[in-house]
Amino acid sequence: MAASRSNAPLALDLFGLCVAAVSTVFLLSHSSQNLKAIQVGAGWSASAVVACLAAMVAYALAHTLRAIRLWLIIGTDRLSFSSTFGCHVSIALVTFATPFKLGDLLRATEFSRMLDNDTRGVFAVWLDRLFDVTVILVMLAVLVTLRPAGPSADLVFASLGAFLLCSILLGMLLPGAVAAFVRALLQSRSKRSIRVLRGMQQVRAVLSRIPTLDAQTFSLLCIVTFAVWGLELAMLFLLLLAFPAAGYTAPQQAIDILGSAIIARPGNHLLQLALYRSICLFTLAVMAALGVRSYAARRLRPSNGRAATARYHYTPVFLAAKTAVKGRTR
């Protein structure tokens, strides 16, 4: 048991290195393609430069708000905002073009490592993604309604919907179900139930690391999510106003580019999509340069054993308003 626990951090580090290597390959390949498309089709003017700079500011603010949302979910008393910000933007830069959501897996493992191998980091990233998945599902439903997309959109919609539904059901039902099962095992006189009880206690200990959100904090996180996607859409429309496509209105271009980004389908607006990706990467690179020092300092600091000695109170994910601790995340 001790050997397996000691090998777990090494396994997470090896996984992170593999994902970072794959992500770097995808990043370099997509960057070269974007630059070629921009060189062929872009005609720069003063208004276009101003629009691109404004788009960069909007995108930077969006990712800053994402880091704030993740910091609130993790717990402001458990990790500094500078470390959270540095980890978020650094991994977002490396995994921007990575398929299969490997970036989220890497982000989850990195936050777990920064919290001294505490699974709270994994659950925090999981809850953080739930907010974005909800908005993406709404946007995808609008996109499919306005412009049919085919089987790829159906697959993305089904996978994200299943993730959202299973997450809500597990978050609401699983903690109580495990507690009821443990109570039944305690009342049993069977010898096998003791061995099962030990395993269920370990499951219960893992579930106790799920961050709990009171009603006020949940409302704040929803507002932050709306602001994030408002800034994302503002960035997109700024780019479309700077480089309009002939025969298309700005909403039509936005639908095509969002469809290309969410569904990963080829689009007709290669210049606009290349500009969108290039500005995202450049903005993330600047933000990562500002935050990587704090992230690296926290990441390389030796573990102090806080995860082993910390005590967490077992409560469901969604608290009733009358029993919530106002203004706090526990």
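All figures in this text were calculated on a predicted structure; none of them were measured in a lab. (Residues numbered from 1 in each chain as written. Predicted model: local features only at pLDDT ≥ 70, side-chain atom pairs only at ≥ 80, totals over all residues. Heavy atoms only, no water.)

### Overview of the side chain of Thr109
Here comes step 1: Tracing the chain through its elements places Thr109 in helix α4 (residues 102–114).
Here comes step 2: Under the relative-accessibility criterion, Thr109 is labelled buried at 11%.
Here comes step 3: Setting aside residues up to four positions removed in sequence, Thr109 forms contacts with Leu12 and Phe15. (Helix = DSSP H or I, 4+ residues; strand = E, 2+ residues; numbered from the N terminus. Buried < 20%, exposed > 50% of the residue type's maximum accessible area, 1.4 Å probe, protein only. Contact = heavy atoms within 4.5 Å.)

### Here's the deal with the packing of aromatic side chains
Here comes step 1: On inspection of all chains with the given rule, the structure shows four aromatic pairs.
Here comes step 2: Aromatic pair Phe81 and Phe85: ring centres 6.0 Å apart, planes at 35 degrees, arrangement tilted. In this pair, Phe81 and Phe85 both sit in helix α3 (residues 81–94), four residues apart, roughly one turn of the helix.
Here comes step 3: Overall, Phe81 belongs to the partly exposed group, its relative accessible area being 28%.
Here comes step 4: According to the relative accessible area criterion, Phe85 is buried, its value standing at 14%.
Here comes step 5: Ring geometry for Phe131 and Phe218: centres 5.9 Å apart, planes at 40 degrees, overall tilted. A residue pair is termed long-range when its members are at least 10 positions apart, and Phe131 in helix α5 (residues 120–146) and Phe218 in helix α8 (residues 215–242) qualify at 87 residues.
Here comes step 6: We classify Phe218 as partly exposed; its relative accessible area is 36%.
Here comes step 7: Members of the aromatic cluster, joined through ring pairs, are Trp71, Phe81 and Phe85.
Here comes step 8: Above the face of the Trp229 ring, Arg66 is positioned so that its terminal group lies 5.3 Å from the ring centre. (Phe/Tyr/Trp six-rings, centres within 6.5 Å; stacked < 30°, edge-to-face > 60°. Lys NZ or Arg CZ within 6 Å of the ring centre and 35° of its normal.)

### A closer look at the nonpolar core
Here comes step 1: Formed by 43 residues in total, the largest nonpolar core has its most connected members in Ile74 and Phe111.
Here comes step 2: Counting residues per element, the ones that place at least two in this core are α2 (46–74), α3, α4, α5, α6 (151–187), α7 (192–207) and α8.
Here comes step 3: With 13 residues, the top contributor of residues to this core is α5.
Here comes step 4: Not counting residues within four places of it along the chain, the set of residues in contact with Phe111 comprises Leu70, Ile74, Leu79, Thr84, Cys87, His88, Gly121 and Val125.
Here comes step 5: With 28 residues, the next largest nonpolar core counts Tyr59, Phe85, Leu239 and Met287 among its residues. (Core = buried A, V, L, I, M, F, W, Y, C linked by side-chain atoms within 4.5 Å.)

Functional significance is not addressed by these values, which are geometric in nature.
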